[in-house]
Amino acid sequence: MKKDRLRIMVGENREAISEGGARLFEQKAIESVERKGRFLVALSGGSTPREMHKRLAFRASILWDEVHVFWGDERCVPVDSPWSNYGAAWDDFLGKVPLPAEHIHPMPVHMTPDEGALSYERELKHLFGLTAGGLPLLDLVFLGMGKDGHTASLFPGAKSLEEREKLVVAVKGGDPDVYRLTLTFPVINRAREVIFMVSGREKAEVVKAVIEAEEGRFPASRVRPASGMLTWLLDREASSLLAEKTLSFYLHP
Ligand code: 6PG
């Protein structure tokens, strides 16, 4: 991946990267709305982004009327389940900001996983006005990463890693080990910007392997935006094994 489209930002701790992530979200939202009148963002699931999500409720410059929220993946559980990515985001900020209901695009979990994948794919094609073979152009995609190098719900060894046609697929696995819906790599890599948010010493080895090793051993290694920016937002622990020269800059508190 071209070095001028890769940046590694390090913050002291999860609080610092949460603030940094909220700031990047706000900056991209303002820039996108100014440029084209709307901002299309896909949220990550898991626990890491939750502090950032909570901070979004207080970013006064975001024109929520012009924002559309999607998800990179979702667990096929009821929205009131503690495992629901949509449910967590609703509690953390979506229920607190003036975002029109029709601008919130949760992955459907009230049908079978395969039906849900098809339904979300249809929704993306409709919203983005896609013709056959087209890819939705998201302005920003947030991703997390597991210790095994999975991202979204794209897990090591899964055939979903090789998907080149479908926009959304149904998979089973992860923690919790449930059915899930996930965007595929063609969609993720079409984005104008992808931001990984990763925290904690237990991920330092996989962070180093994904960022510094050439071979794409892990699912997260396959996140290579075709023309967009790839940003890693890491706390000091998660970045602790990276060579100093790898780092782009430190977030100031
Ligand atoms: C999911 C996530 C998943 C997550 C990583 C990291 O729905 O499970 O999208 O890819 O980002 O597993 O999770 P934590 O942030 O909880 O470590």
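Provided above is the structure to which this section pertains.
Enquirer: I keep staring at helix 3 (residues 85-92) and nothing clicks. Help me out?
Expert: For the α-helix, the turn length of 3.6 residues means that residues three or four positions removed from each other point alike. Where burial is concerned, most of helix 3 is hidden: six out of the eight residues are buried. Residues Asn85, Tyr86, Gly87, Ala88, Ala89 and Asp92 constitute the buried set of helix 3. Contacts from the buried residues of helix 3 go to strand 2 (39-43), helix 2 (50-56), strand 3 (67-71) and strand 4 (73-75). At the N-terminal end of helix 3, a side-chain oxygen is found 3.4 Å from the backbone nitrogen of Tyr86, two or three residues along, and the residue is Ser84.

Enquirer: Before we go on, may I ask you to explain the sheet that holds strand 1 (residues 6-11) in this structure?
Expert: Strand pairing in a sheet takes place through backbone hydrogen bonds and is either antiparallel or parallel in direction. Strand order in this open sheet of seven strands is 3-2-5-8-9-1-10, and the pairing throughout is parallel. Taken across any chain shown, the strands that pair with only one partner, and hence form the sheet edges, are strand 3 and strand 10 (249-250). Against the sheet, helix 6 (residues 204-212) contacts strand 1, strand 8 (193-198) and strand 9 (229-235), and its axis sits at roughly 160° relative to strand 9.

Enquirer: How should I be thinking about the site of the ligand in this particular structure?
Expert: Near the ligand there are 15 residues, and of these Ser47, Thr48, His150, Ala152 and Lys203 occur at the shortest range. At 3.4 Å from an oxygen atom of the ligand is found a main-chain nitrogen or oxygen belonging to Gly45. A distance of 2.9 Å separates an oxygen atom of the ligand from a polar atom in the side chain of Arg75. Contact with the protein chains removes 87% of the 420 Å² of surface that the ligand exposes when unbound.

Enquirer: Would you explain unusual backbone geometry in this entry?
Expert: If a residue is not glycine, its phi is most likely negative; likewise, a peptide bond is most likely trans. In the segment running from Asp175 into Pro176, the intervening peptide bond is cis, with an omega of 5°. A positive phi angle is found at Ala152, which is not glycine, with a value near 50°. Among the structural elements, Ala152 can be located in the loop between strand 5 (140-143) and strand 6 (168-173).

Enquirer: Explain helix 6 to me, please; I cannot follow it from the model alone.
Expert: All of the buried residues along helix 6 are Ala204, Val206, Val207, Ala209, Val210 and Ile211. As for helix 6, its buried residues are in contact with strand 1, strand 8 and strand 9.

Enquirer: What is the right way to read the pattern of salt bridges from this model?
Expert: Per the counting criterion, the structure on display carries 18 salt bridges. Of the charged contacts in the structure, one is a salt bridge between Glu193 and Arg7, with a shortest N-O distance of 2.9 Å. On the criterion of sequence distance, the pair formed by Glu193 in strand 8 and Arg7 in strand 1 is long-range, its members being 186 residues apart. For the salt bridge of Arg55 with Glu15, the shortest nitrogen-to-oxygen distance reads 3.6 Å. Remark: Glu15 occurs in helix 1 (residues 14-36) and Arg55 occurs in helix 2; sequence separation between them is 40 residues.

Enquirer: It is not clear to me how the packing of aromatic side chains should be interpreted in this structure. Could you clarify?
Expert: In this structure the tally under the stated criterion is eight aromatic pairs. Between Phe25 and Phe142 the ring centres are 6.2 Å apart and the planes differ by 15°, which places this aromatic pair in the stacked class. Remark: Phe142 occurs in strand 5 and Phe25 occurs in helix 1; sequence separation between them is 117 residues.

Enquirer: Hey, could you run me through the sheet that holds strand 4 in this one?
Expert: As summarised here, the arrangement of the three strands in space is 4-7-6, forming an open sheet in which the pairing is antiparallel. Edge strands, defined here as strands with exactly one partner in the open sheet, are strand 4 and strand 6. If you compare each strand with its neighbour and ignore which way they point, the axes differ by 25° on average. With three bridges joining them, strand 4 and strand 7 (residues 178-183) adopt antiparallel strand pairing. Looking across to strand 7, one finds that Glu74 is bridged to Leu181. Each of strand 6 and strand 7 is contacted by helix 4 (residues 113-127), which is oriented at about 150° to strand 6, the strand it contacts most.

Enquirer: Would you mind going over the nonpolar core with me for this structure?
Expert: Side chains of nonpolar character tend, in soluble globular proteins, to be buried together. Leu138 and Trp232 are the most contacted members of the largest nonpolar core, which totals 73 residues. Not counting the four nearest positions on each side in its chain, Leu138 is found in contact with Leu40, Val41, Ala42, Phe70, Phe128, Leu183, Val187, Ala191 and Arg192.

Enquirer: Mind showing me how you'd approach the side chain of Arg5 here?
Expert: Among the structural elements, Arg5 can be located in the segment before strand 1. One buried charge, Arg5, has no salt-bridge partner; the nearest side chain with opposite charge is Asp4, at 4.6 Å. Among the polar contacts made by the side chain of Arg5, one reaches the main-chain carbonyl oxygen of Pro225 at a distance of 3.0 Å. Setting aside residues no more than four positions away along its own chain, Arg5 makes contact with Pro225, Ala226, Ser227, Gly228, Met229 and Leu230.

Enquirer: Any chance you could explain the environment of Val169 here in plain terms?
Expert: Tracing the backbone shows Val169 in strand 6. Residues Val169 and Lys203, spaced 34 residues apart in sequence, show a C-alpha to C-alpha distance of 26 Å. Non-local contacts of Val169, meaning those with residues more than four positions away in its chain, are made with Ala117, Ser160, Glu163, Arg180, Leu181, Thr182 and Thr184.

The rules behind each value
- Residues numbered from 1 in each chain as written.
- Predicted model: local features only at pLDDT ≥ 70, side-chain atom pairs only at ≥ 80, totals over all residues.
- Heavy atoms only, no water.
- Buried < 20%, exposed > 50% of the residue type's maximum accessible area, 1.4 Å probe, protein only.
- Helix = DSSP H or I, 4+ residues; strand = E, 2+ residues; numbered from the N terminus.
- Contact = heavy atoms within 4.5 Å.
- Polar contact = N/O pair within 3.5 Å; in protein donor to acceptor, adjacent residues only side chain to side chain.
- Pairing = 2+ DSSP bridges.
- Axes fitted to C-alpha atoms, helices over the stretch in contact; angles between N-to-C directions.
- Near = heavy atom within 4 Å.
- Areas by Shrake-Rupley, 256 points an atom, 1.4 Å probe, with all protein chains shown as cover.
- Salt bridge = Lys/Arg side-chain N within 4 Å of Asp/Glu carboxyl O.
- Phe/Tyr/Trp six-rings, centres within 6.5 Å; stacked < 30°, edge-to-face > 60°.
- Core = buried A, V, L, I, M, F, W, Y, C linked by side-chain atoms within 4.5 Å.
- Lys, Arg positive; Asp, Glu negative; His and termini not counted.

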